[in-house]
Each structure stands twice: as C-alpha cells, then as structure tokens.
Amino acid sequence: MSLIELRDVEKLWGDVVALSPTNLLIPEGGFTVLLGPSGCGKTTTLRLIAGLDAPSAGQIFVAGRDVTHEPPSERNLAMVFQNYALFPHLSVADNIVFGLQVRKASKQEQSERLARALTLLGLEKLRDRKPSQLSGGQQQRVALARALVAEAKICLMDEPLSNLDAQLRQEMRQELRALQQKLGLTVVYVTHDQAEAMSMADRVVLLNRGRIEQVGSPREIYAQPATVFAARFIGTPPMSVLALDSGAIKGSKFGVHAAPEGATHMAVRPEQVALGGDIPATITASEYLGADSLVRCQIGSEHVAVRITGQQFFEPGHNVQLAWSQETLHYFDSDGQRVDQVTAHPLNGE
Amino acid sequence: MLLPALVLLVAFTHYPAVATIIDSFMSTPKPNRPSVFVGLDNYASMVEDPIFWQALRNNLWFALATIPLSIGLALSMALWVNGRMAGRGFLRMAYFTPTVLPMIAVANIWLFFYTPTYGLLEQIGGLFGLPSQNWLGDKATALASITVVAVWKEAGFFMIFYLAALQGISPSLREAAAIEGAGRWFFFRRVLWPLLMPTTIFVSVNAVINAFRMVDHVVVMTRGGPDNATSLLLYHLYEVGFKYWDQGYAAAITVVLLGALATVALAQFFVLDKKAHY
Ligand SMILES: Nc1ncnc2c1ncn2[C@@H]1O[C@H](COP(=O)(O)OP(=O)(O)OP(=O)(O)O)[C@@H](O)[C@H]1O
Ligand SMILES: [Mg+2]
C-alpha cells in the first residue's frame, strides 16, 4: 500500500519550474531516496510532501487522505532538516519534547517518551547540553530524536548526513537504516550522493531538472538505467556513454552491429570493459585508486573508462585493445530513453 | 602607549563628569562674586524646588509610557515586516524614516498634526464632528501628546534592531515548529522571545536612557508648557543652566540625573542578563 501519493504535482517559482507535473507513489514502511544533482527539485518535493510549500498544481495524499491544503501539523509526519533546525536556546531534552509540549502531552508521558528517545539514540549523557555544545553527529542525533519522539509513521529527511565527515556519515547511514527497519518507519530521504542512495534505499527516485528519470530498487537502476542521465549518474565511476554514428562508434570505424534500431548512444560500465580484445583505443588518462586503476581511453571521438587492477600501469598515448561483451551494453535513443536489445533475434556480431 | 587613549578619555568623559560633581557643591560664580564651596546647598534648593519635582514626575510618567510602548510597538512592527516578503524594502524604509529624521524635524511634523484649527488631527476630528482640541496647549493632553511623538520616533529606531535580530534567526526553526504543530503564539513565546532577549536588553537599556535624555521635541513643541506640564528633567536642567544661568544648581540636577540613569541601566543589564541566552 502506498502511504504518500503525488498526483500531477507541479511547483513553479515564478518562471522557474522546480518540479514538472509529477506522479509518485511512496510505499509504506520503505526507505525511499530522492536522488539527483543539485537543483533538480529534491528539496522542493520533500517540502511539498511536508506541507511547508504549497504545490502550484496537483494533489498530495497521505494515507489516502487529500492533504494538499492541510498545514504541516495535520499531515502526521516528522522531518529532519538539513541544518537540523535545533532550537539554540533549548537543551537537548527540551528540543526533543518541543512537539510534545505543543500537543500538551502529560508530564509523565513527556518524560517517558523522552527517556526512550534518549536511550534509542545514545543521548542520555547529553540531555542538558545546548545544541552549540554538541558535535555535528550529536546534533544530528538530537534532530532525529526530535523527529522520532512524535512517533509519526512518516519521517522526511533532507540531506541529514551532508554536514558530517566521511567516517561518521558511514556509521550514521547504517544506524539510520537500522532504526528505520526497527521502528517500521516510512522514510523519504533526500540526497545528491548516489553511493549513499544505493547503500540505504529500498527504492530510489532519480530526479533531474524537476522530472523523475527513473524509479526502482538500487539494483534495477544500476542494472537497467532507463535514461542516459541515469546511466551517467549511477555508479562510482558511472557508465561511459558513447555516441553512435551510422552503426559505428562516432569518429571510429568500429561497428556496433548489435545496436537496436533508433539507438544513438551506447553505454558500458568501466568494470565490464577488459583489456585484450579487438577494439582499438588510445589511453588519454589514468587514475590510480589503490585496489584498482581507472583508465580513460579514446575510441574515435568518444571516451570510455576502463577499470583495471591496480598493479597495471599505462602511459597516456599508449595504444590498447579493448573488449566487452554484447549483453553488457546499454542503448539509448535520441531522446535519451533506453532502447532494449532485441534478444529474441540475436544479430550478427561482426 | 596607553597615554594618548587615557588623555582622550579623561578630557572628553571623566573630566566633565568630575567637574560637574565638584560644581554641584559650589555656588554659581557671579561677575563680582567668585564661586565658593556651599556644601549641599544646591541639593537642598533642588528638594525645595516644586518645578524640579514636577519635572521628575512628568519624566517618570513619560518614561513609564515610552519604554514599554516603544519596545512593544517596535517588536510588533518588526515581526510584521519580517513575515512579509513582498514590498519589504519599501516597508522597511517607511519605518526607517523616523530614525533618519532628526528629532527637531520630527517634532515639527507632529507640531503640524497637533496644531489647533489647521492641524491634521483637528481636520480629521472635524470630519467626524468632534469638538476642537488644543492638544499641546491643554495641560491634560500636552504630556501625552509629546509622549506619542517620542514613542513614534523610538519605535522606528528599535524596530531596526529587532528586525536585524529576526533576520538572523534561521527560517527553518519556524518550519520545524510548524511541523510539530506549534502555533504563532507558542512559537513566539518558546522560541522567538528567548532568542530576541539580548536585543530586548539592549533596546530597553537604550529606551531608559533615551526617556531621560530626549529634550529636543519639548523645546520645539511646548517649551515645557503649559505651566510646566511637559517639563522633563533635562528640559528643566536646560532652563536652570542656560536661561537662569544657575550653574551650581544645574550641576546638582545633572549629578542626580546621571546617578539615577547609571543605576537603572546597570541594574537592568545585570538582572536581564541572567535571563538572556547567548
Ligand atoms: N524559494 C525559491 N524561490 C525561487 N526558486 C526556488 C526556490 N526554492 C527552490 N527554487 C528553485 O527550484 C529548483 C529546485 O530547487 P531544490 O531546492 O528543490 O533543489 P535540490 O534538488 O534540493 O538541490 P540541492 O541538492 O542543491 O539542495 C532550483 O532551480 C531552485 O533554484
Ligand atoms: Mg536541497
């Protein structure tokens, strides 16, 4: 069952289209990540769901109820802000029970729920500190505790980990995910970091310029990018996208005979290109990454990245032969949409 | 290296203050009679001076009205302006005006509002058939009338401090509170008011000092009249010192005024400071 639904929701800021008419279903109890580059409309989408901004058109449903014109407080959801938005003059404990005080919960209920939240997030020792006396990670946990104490079923998070260092971010990702599963929360999580999205999400909603490019599990999006944008965005490093010109890689004589009709681009993951084949290429750059190296090669006027083991080393300018197998290639048409290979009628390779 | 700073400090602040205190114990020099030590005589004549007591009473009423009214008005205006995006620039300028205008000019504008027969208030009142009223000439309304002018001027000034402080408060705090379901009043009481406390302290210390320091509008609008109904301490001081040239007595009033001001300001600072969050 879907808990949140956007139906033809659009958001304009004057002439700027922050979100083109969008339909989106967010299932209950899942970890949904809104992913996309800066300015693609992730925050906009989240704020529309929260009710902090009103859509220019369309309807928003939460648990089957039309909440398009309801204020945030009527939507029964919690939110963790990117900058945490902790009240600087209130202690950790007072920050956490703020919402309970608004709702005039009894003193006993307040202290019970507070104690539970503090234990859950390991904040017992910090309960009397002010936010300015906390580290980034601790502040983040307080913000999370404040969101959880409301016991709302839906928790919205806008890049909550972006201010933390790499180590802490890694830890918090796991903690967040574990917490979400333990409490059965429906989380809508915003990030521009595809690695974060891939490691945390049940479902990824990939956004680009106010439009949904693809919705799917991390595996689906990784294995079957629906658009050129998805191909270029997902993966570390992402796929190489090569333009095709009348059945060959642009600027070269190397034919891609298996390309389905209408394909103008092909894409391949760096880890699925090998050395030692029949595709002539020239090395333009090489990047040492420790366990392996990333080598950039030129075929005709197009570039392709190749992942090779760390011991190997090539000078730029070196000529190599590359190989890939047909089934690892992805094809896209002139609109950037995926064109599937027709596997029923295998075409002749050479 | 400290010496130049010390010299300046002494020349411009300490020396006049000390000289005033000394003068307050001396008689006023006359062409044929040099100043002599008279002890507390000047203070004694102050206690016996009914106009001094009237000025003090006026000033207390003036302070009691201007301080809370101007701060309250400043805060409400700042909250109102801060909440509106469109035309903010224009609105802010509109409220800025009292600050930029010298008090003398302000007083002149309001003089026109208050003038009997031709004044703005008269004309508006006339439309509704209200009886004519000489706002500044009537003992019953004169003090209130100059208080209104001071409140108007002060509120515009203080609003800028509140506005600056409000602009410094992250809008996401309001949004976080909105998601928790906090209404305007709850948010104001629990979040805005405590966060504005340092500004409130600063503004209220200024309000107290200004309440005893403002004199320009009295000079322009009423000259302390009618029958000393609008004479404030500083205006009385000015009359004693520069109209009657009684320097010794003027010095004594100055000492009392400064002493009272310093006490109030310090007390305020320390008491309120404890409640402030920084
Ligand atoms: N209040 C606003 N007024 C005008 N334009 C806005 C406003 N908020 C967002 N926009 C525009 O809407 C578009 C989407 O913005 P949004 O904040 O949703 O991006 P985002 O995906 O969250 O990006 P980031 O990763 O940088 O936070 C942007 O082009 C932005 O400039
Ligand atoms: Mg954003």
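See above for the structure.
Quantities reported herein were computed from a predicted structural model and do not represent experimental measurements. (Residues numbered from 1 in each chain as written. Chains lettered and ligands numbered in written order. Predicted model: local features only at pLDDT ≥ 70, side-chain atom pairs only at ≥ 80, totals over all residues. Heavy atoms only, no water.)

Enquirer: Looking at this structure, how should I read the overall build of chain A?
Expert: Each helix and strand in chain A was counted, giving eight helices and 19 strands. Principal-axis analysis of the C-alpha atoms gives chain A an extent of 75 × 45 × 40 Å. Counting only residues that meet the buried cut, chain A has 51% of its 350 residues in that class. Restricting to contacts in chain A with at least 6 residues of sequence separation, those with at least 24 account for 65%. Surface exposure of chain A reaches about 16200 Å², of which carbon and sulfur atoms provide 49%. In chain A, which carries 33 positive and 38 negative side-chain charges, the distance between the mean positions of the two groups comes to 8 Å. (Helix = DSSP H or I, 4+ residues; strand = E, 2+ residues; numbered from the N terminus. Buried < 20%, exposed > 50% of the residue type's maximum accessible area, 1.4 Å probe, protein only. Contact = heavy atoms within 4.5 Å. Areas by Shrake-Rupley, 256 points an atom, 1.4 Å probe, with all protein chains shown as cover. Lys, Arg positive; Asp, Glu negative; His and termini not counted. Charge placed at Lys NZ, Arg CZ, Asp CG, Glu CD.)

Enquirer: Before we go on, may I ask you to explain the interface of chain B and chain A in this structure?
Expert: Often, the extent of an interface is quoted as the loss of accessible area upon association of its parts. Between chain B and chain A, the contact holds 17 residues from the first and 23 residues from the second. Taken together, both faces of the contact between chain B and chain A bury some 1800 Å²; the carbon and sulfur share is 67%. At the boundary of chain B and chain A, one finds two salt bridges. A salt bridge links B:Glu175 to A:Arg47, with the shortest nitrogen-to-oxygen separation between them at 2.8 Å. Scanning the region where chain B abuts chain A turns up five residue pairs in polar contact (both at pLDDT 80 or more). (Buried area = accessible area lost by both parts, 1.4 Å probe. Salt bridge = Lys/Arg side-chain N within 4 Å of Asp/Glu carboxyl O. Polar contact = N/O pair within 3.5 Å; in protein donor to acceptor, adjacent residues only side chain to side chain.)

Enquirer: When you look at the packing of aromatic side chains in this model, what are you seeing that I'm missing?
Expert: What characterises a pair of aromatic rings is the spacing of the ring centres plus the angle enclosed by the ring planes. For the structure shown, the criterion picks out 11 aromatic pairs over all chains. Summarising the aromatic geometry, the rings of B:Phe157 and B:Phe158 are spaced 5.7 Å apart at their centres and angled 40° between planes, so their arrangement reads as tilted. Relative to B:Phe202, the ring of B:Phe161 has its centre 5.0 Å away and its plane inclined at 55°; by these criteria the two rings are tilted. With B:Phe161 in helix α7 (residues 139–167) and B:Phe202 in helix α9 (residues 184–213), the pair connects residues that are 41 residues apart, well separated along the chain. For B:Phe161, a relative accessible area of 27% puts it in the partly exposed group. Lying over the aromatic face of A:Trp13, A:Lys11 brings its terminal NZ or CZ to 4.5 Å of the ring centre. (Phe/Tyr/Trp six-rings, centres within 6.5 Å; stacked < 30°, edge-to-face > 60°. Lys NZ or Arg CZ within 6 Å of the ring centre and 35° of its normal.)

Enquirer: Explanation requested: the site of ligand 1 in the structure shown.
Expert: Residue and element names in this part refer to chain A. In the vicinity of ligand 1, the residues found are Trp-13, Ala-18, Ser-38, Gly-39, Cys-40, Gly-41, Lys-42, Thr-43, Thr-44 and Glu-159. Between ligand 1 and Cys-40 there is a distance of 3.2 Å, counted from an oxygen atom to a backbone nitrogen or oxygen. Residue Lys-42 places a side-chain N or O atom 2.8 Å away from an oxygen atom belonging to ligand 1. When ligand 1 sits alone it has 630 Å² of accessible area, and the protein chains cover 60% of it. Element by element, the count of residues in the shell around ligand 1 is highest for helix α1 (residues 42–50), at three residues. Tallied by class, the residues present in the shell around ligand 1 amount to three nonpolar, five polar and two charged. (Near = heavy atom within 4 Å. Nonpolar A, V, L, I, M, F, W, Y, C, P; charged D, E, K, R; others polar.)

Enquirer: Would you mind showing me how to read the pairing of strand β18 (residues 330–333) of chain A here?
Expert: Within a regular strand, the side chains alternate between the two sheet faces. Residues and elements named next belong to chain A. Both strand β13 (residues 263–268) and β18 contribute to a ladder of four bridges, which runs antiparallel. Each bridged residue has a counterpart across the sheet, and for Met-266 the counterpart in β18 is Tyr-331. By the bridge criterion, two bridges tie β18 to strand β19 (residues 338–339) in an arrangement that is antiparallel. Counted as the bridge partner of Tyr-331 is Val-339 from β19. As consecutive antiparallel partners, β18 and β19 are separated by four residues, and within that stretch Gly-336 has a phi angle of approximately 85°, a positive value. (Pairing = 2+ DSSP bridges.)

Enquirer: Even after reading the chapter, I still don't get the sheet that holds strand β3 (residues 31–35) of chain A, so can you show me in this structure?
Expert: Adjacent strands of a sheet pair through backbone hydrogen bonds, lying either parallel or antiparallel. All names here are of chain A. Spatially, β6-β7-β8-β3-β9-β10 is the arrangement adopted by the six strands of the open sheet, whose pairing is mixed. With one partner strand each, in any of the chains shown, β6 (77–80) and β10 (211–216) form the two edges of the open sheet. Going from strand to strand, the sheet's axes swing by 15° on average, the running direction of each strand aside. Sheet topology places strand β9 (residues 203–208) next to β10; five bridges connect them, and they run antiparallel. Of the residues in β10, the one forming a bridge with Leu-206 is Gln-214. Where helix α4 (residues 136–149) meets the sheet, its contacts fall on β6 and β7 (154–158), and the angle it forms with β6 comes to roughly 175°. (Axes fitted to C-alpha atoms, helices over the stretch in contact; angles between N-to-C directions.)

Enquirer: It is not clear to me how the pattern of salt bridges should be interpreted in this structure. Could you clarify?
Expert: A complete count under the given rule lists 16 salt bridges over all chains for this structure. The salt bridge involving A:Arg103 is made with B:Glu180; its shortest N-O contact spans 3.0 Å. Within this pair, whereas A:Arg103 is found in the loop between α2 (92–102) and α3 (107–120), its partner B:Glu180 is found in the loop between α8 (171–179) and α9, the two belonging to separate chains. The class for A:Arg103 is partly exposed, based on a relative accessible area of 42%. Classification of B:Glu180 as buried rests on a relative accessible area of 9%. Linking A:Glu271 and A:Arg307 is a salt bridge whose minimum nitrogen-to-oxygen distance equals 3.6 Å.

Enquirer: Looking at this structure, how should I read empty space enclosed by the protein?
Expert: Applying the stated criterion across every chain yields a total of two cavities of 30 Å³ or more. If you add up the space inside the largest cavity, you get close to 40 Å³. Around the largest cavity sit A:Met79, A:Phe81, A:Arg146, A:Ala147, B:Ala176, B:Ile179 and B:Glu180, which together line it. Those elements that place two or more of their residues in the lining of the largest cavity are α4 of chain A together with α8 of chain B. (1 Å grid on protein atoms, 1.4 Å probe; cavity = no way out; pocket = protein on both sides within 12 Å on 5 of 7 lines; lining within 4 Å. Points joined across faces, edges and corners; volume = space filled by probe spheres on them.)

Enquirer: Any chance you could explain the nonpolar core here in plain terms?
Expert: One finds A:Leu34, A:Met79, A:Phe87, A:Phe98, A:Leu156, B:Tyr162 and B:Phe212 to be the most contacted residues of the largest nonpolar core, which totals 76 residues. At 12 residues, the largest contribution of residues to this core is made by α9(B). By size, the runner-up hydrophobic cluster in this structure holds 48 residues, among which are A:Ala93, A:Ala145, A:Leu176 and A:Phe233. (Core = buried A, V, L, I, M, F, W, Y, C linked by side-chain atoms within 4.5 Å.)

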